[in-house]
Amino acid sequence: MIISILGIRGILLNRRNIPIMSMPIESMLLAVNSNFLVFSVSSDDMMGQSFASLVPTVAAAESAIGLAIFVITFRVRGTIAVESINSIQGAGPFSLGERIRF
């Protein structure tokens, strides 16, 4: 419980740099993984342990996609600061035609 609260606090307080914003998400996944393991052992059931083995897979996929987005953003903009993302404007069939504001 404490790890997930620290993860939420980290997301809310660190809004300058995108990689630093993604680290608390990983700590919240760690908290979920720990809960799966503790409740699996306490209830003598293997389902929690099997779900706990899937969490690192999801975390690795999230990290790989996030790193690719960071690299592309840095190559295009020259920075990965959150303030520079306010100028992203979509162009496509589903775009709103206006700037995204955070």
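Residues numbered from 1 in each chain as written. Predicted model: local features only at pLDDT ≥ 70, side-chain atom pairs only at ≥ 80, totals over all residues. Heavy atoms only, no water.

## Notes on unusual backbone geometry
The backbone phi angle of Asp44 is positive, close to 55°, even though this residue is not glycine. Within the fold, Asp44 resides in the loop between α2 (18-43) and α3 (47-77). Taking the relative accessible area as the measure of exposure, Asp44 reaches 73% and is therefore exposed. (Helix = DSSP H or I, 4+ residues; strand = E, 2+ residues; numbered from the N terminus. Buried < 20%, exposed > 50% of the residue type's maximum accessible area, 1.4 Å probe, protein only.)

## Description of α3
Helix length check: α3, at 31 residues, gives a terminal C-alpha distance of 45 Å against a target of 45 Å (1.5 Å per residue), a fit within 8%. Listed in full, the buried residues belonging to α3 are Gly48, Ala52, Val55, Ala59, Gly66, Phe70 and Thr73. Those residues of α3 that are buried lie in contact with α2. Downstream of α3 by a residue or two, Gly78 has a phi angle that is positive, lying close to 85°. (Expected span 1.5 Å × (residues − 1). Contact = heavy atoms within 4.5 Å.)

## Here's the deal with α2
The end-to-end C-alpha separation of α2 is 38 Å, in line with the 38 Å expected for 26 residues at 1.5 Å each. Those residues of α2 lying buried are Ile18, Pro24, Ala31, Asn33 and Ser40. Directly after α2, the chain includes Asp44, whose backbone phi takes a positive value near 55°.

## Considering the UniProt feature "transmembrane region" (unreviewed entry) in the chain
Taking the numbering used here, the UniProt-annotated feature "transmembrane region" (unreviewed entry) corresponds to residues 20-39 and 51-74. As annotated, residues 20-39 comprises 100% helix and 0% strand, and the C-alpha atoms at either end are separated by 30 Å. Across residues 51-74, helical content stands at 100% and strand content at 0%; the span's end C-alpha atoms are separated by 35 Å. (UniProt positions renumbered as here; feature names shortened; annotations may be inferred.)

## Things to note about the side chain of Thr73
You can see Thr73 is positioned in helix α3. For Thr73, a relative accessible area of 16% translates into the label buried. Beyond its immediate stretch of four places on either side in the chain, Thr73 contacts Gly78 and Thr79.

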